[in-house]
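# Structure assessment
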Amino acid sequence: MVFSHLPPDWQLPESRATDESLFWNRRRLLKTLVGAGIGAAVSPLLQSCQRQDGAIAIAPSSPAAPPPPTNLQAPFLGVERNRAFADPGRSLTEKRIANSYNNFYEFGGTKDIAQRAQRLPTDPWTVEVGGLVKNPRTYDRDDLYKTFPIEERIYRFRCVEAWAMVVPWLGFPMHKLIAAADPLPSAKFVRFTSYYDKDVTMGPGWSLGRLPWPYTEGLRLDEMANELAFFALGVYGEPLPKQHGAPIRAVLPWKYGFKGAKSIVKVEFLDNQPATFWNTLAANEYGFEANVEPEVPHPRWSQATERLMGPGPAIAWQRVPTLPYNGYGDYVAGLYGV
Ligand SMILES: Nc1nc2c(c(=O)[nH]1)N[C@H]1C(S)=C(S)[C@@H](COP(=O)(O)O)O[C@H]1N2
Ligand SMILES: [Mo]
């Protein structure tokens, strides 16, 4: 079973080869385990744990340990972790896993786009903030780092494809940008637009040119103003690698991962709900709101549980229950009249 954002009629031969049971194929997994000196002991277990959907389930041997401190690098030296988001209740996903299992459809429909994404030209970079605001402004990369106070937050992350990670982001809450832009009373929504240049992002053999590029996403203004809504400039103590959406991407931990547009070039304040990439492609599969709701199945799979990456030396999946609003209901339920 392919848990892909792309509806079946969009699953071209290339993306059909992206089944995660192929990505995390047995050979690679065994190699990792052998490398860690535990292959021989674990391989019979793997056989018995190979799931029908191809995911490997290994029960965690111990409860989640508190996250280790992140190894901060320049320009993030001295940045503090926000205490409200220091304990996600699960172990941090290993950096090498989060950095190599990505969705970034501009660079292909597979999870292993990290190499290809290195083509993204991030220097110089500008983000144009405008629309219905009193203070339109174009920020370059330095401006982003200097204008907004940067903090670290560990957030749970839930893709609509039912996989999950726990990631330490570095950045600033979106309400800081709202304050700087000073929206007019008529502004009710925001639209984020990702970098797009088909000559750069679409490589040879990659032919999803018919998708509704550029990638756009949006929020209601009150959602954007919520404490959780975050712009990330870094991850795991370092500036965002290109595959994670360098140099700036949105992170909205109570919503499915696709709401978090990567490599943002434009932020526009609008009076109407904007059309968005996945919603335009398949409105019945990807709502505009896209809050994590375990009891509402995706038309092609259940959302009741998720495959959590790691922890431990092996690349492994644990199947864990999905929580309403991804566990962030205390922050956001009020936005939805609950
Ligand atoms: N521009 C752009 N942003 C994007 C995507 C994309 O394909 N293009 N994929 C989204 C999806 S589906 C997910 S799950 C997350 C993945 O983020 P990560 O690869 O950094 O974990 O990015 C989101 N942002
Ligand atoms: Mo996703």
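This write-up is about the structure you can find in this document. Everything numeric in this text was worked out from a predicted model, so none of it was measured.

Quick look at the overall build of the protein now. Scanning the protein from terminus to terminus reveals eleven helices and 13 strands. Residue burial in the protein is summarised as follows: out of 338 residues, 56% are buried. Partitioning the contacts of the protein with sequence separation of at least 6, the portion at a separation of at least 24 is 73%. A total of about 14,400 Å² of accessible surface is found on the protein, and carbon and sulfur atoms cover 54% of it.

A few words on the nonpolar core. Core analysis: the largest hydrophobic core is formed by 83 residues, its most contacted members being W169, F192, M224, F231, W254, V267 and F269. Residue contributions to this core peak at six residues, all from strand β5 (residues 163-173). Ranked by size, the runner-up nonpolar core spans six residues in total, among them L92, I154, V166 and V320.

In this section: the pattern of salt bridges. Note that side chains of opposite charge can pair when their charged atoms are close. One pass over the structure, following the stated rule, counts 18 salt bridges. Close ionic contact of D143 with R137 constitutes a salt bridge, the shortest N to O distance being 3.8 Å. Residue D143 is classed as partly exposed on the basis of its relative accessible area, which comes to 21%. A relative accessible area of 36% places R137 in the partly exposed class. With its nearest N and O atoms 2.9 Å apart, the salt bridge here joins D222 to R220. Under the relative-accessibility criterion, D222 is labelled partly exposed at 35%. Through salt bridges that share partners, R90, R158 and E306 make up one connected network.

For the rest of this paragraph, the subject is the site of ligand 1. Close to ligand 1 lie 18 residues; Y105, E106, H244, G260 and K262 are nearest. With respect to ligand 1, the side chain of N102 contributes an N or O atom lying 2.9 Å from an oxygen atom. The separation between an oxygen atom of ligand 1 and a polar main-chain atom of Y105 is 2.7 Å. Considering ligand 1 on its own, with 530 Å² of exposed area, one finds that the protein chains cover 99% of that surface.

Tallying each qualifying case throughout the model produces 23 aromatic pairs. Geometrically, the ring pair formed by F148 and F172 is stacked, given 4.2 Å between the ring centres and 10 degrees between the ring planes. Highlighted residues: F148 in the loop between α6 (141-147) and β4 (151-158) and F172 in strand β5, separated in sequence by 24 residues. Each member of the pair, F148 as well as F172, is classed as buried. Note on Y325 and Y336: the rings are 5.7 Å apart at their centroids and 15 degrees apart in plane angle, and the pair reads as stacked.

Another aspect to go through is helix α7 (residues 174-181). Where α7 is concerned, the buried positions are M174, L177, I178 and A181. Down the axis of α7, the buried side of the element spans an arc of 105 degrees, and every buried residue falls inside it. A positive backbone phi angle near 55 degrees is found at D182, which sits one or two residues after α7.

Moving on, we get to the sheet that holds strand β7 (residues 216-220). One open sheet accounts for five strands, arranged β3-β2-β11-β6-β7; its pairing is mixed. Only two strands of the sheet have a single neighbouring strand rather than two, namely β3 (137-140) and β7. Ignoring which end each strand starts from, the neighbouring axes of this sheet average 15 degrees apart. Of the strand pairs in this sheet, strand β6 (residues 189-194) and β7 are connected by five bridges, and their pairing is antiparallel. Along β7, the bridge assignment pairs F189 with R220.

Structurally, T122 is set in the loop between α5 (95-98) and β2 (126-131). Setting aside anything within four residues of it in sequence, one finds T122 in contact with R141, K242, A246 and P247.

Rules used throughout
- Residues numbered from 1 in each chain as written.
- Chains lettered and ligands numbered in written order.
- Predicted model: local features only at pLDDT ≥ 70, side-chain atom pairs only at ≥ 80, totals over all residues.
- Heavy atoms only, no water.
- Helix = DSSP H or I, 4+ residues; strand = E, 2+ residues; numbered from the N terminus.
- Buried < 20%, exposed > 50% of the residue type's maximum accessible area, 1.4 Å probe, protein only.
- Contact = heavy atoms within 4.5 Å.
- Areas by Shrake-Rupley, 256 points an atom, 1.4 Å probe, with all protein chains shown as cover.
- Core = buried A, V, L, I, M, F, W, Y, C linked by side-chain atoms within 4.5 Å.
- Salt bridge = Lys/Arg side-chain N within 4 Å of Asp/Glu carboxyl O.
- Near = heavy atom within 4 Å.
- Polar contact = N/O pair within 3.5 Å; in protein donor to acceptor, adjacent residues only side chain to side chain.
- Phe/Tyr/Trp six-rings, centres within 6.5 Å; stacked < 30°, edge-to-face > 60°.
- Arc of directions from axis to C-beta.
- Pairing = 2+ DSSP bridges.
- Axes fitted to C-alpha atoms, helices over the stretch in contact; angles between N-to-C directions.

Purely geometric stuff here, so don't read any function into it on its own.
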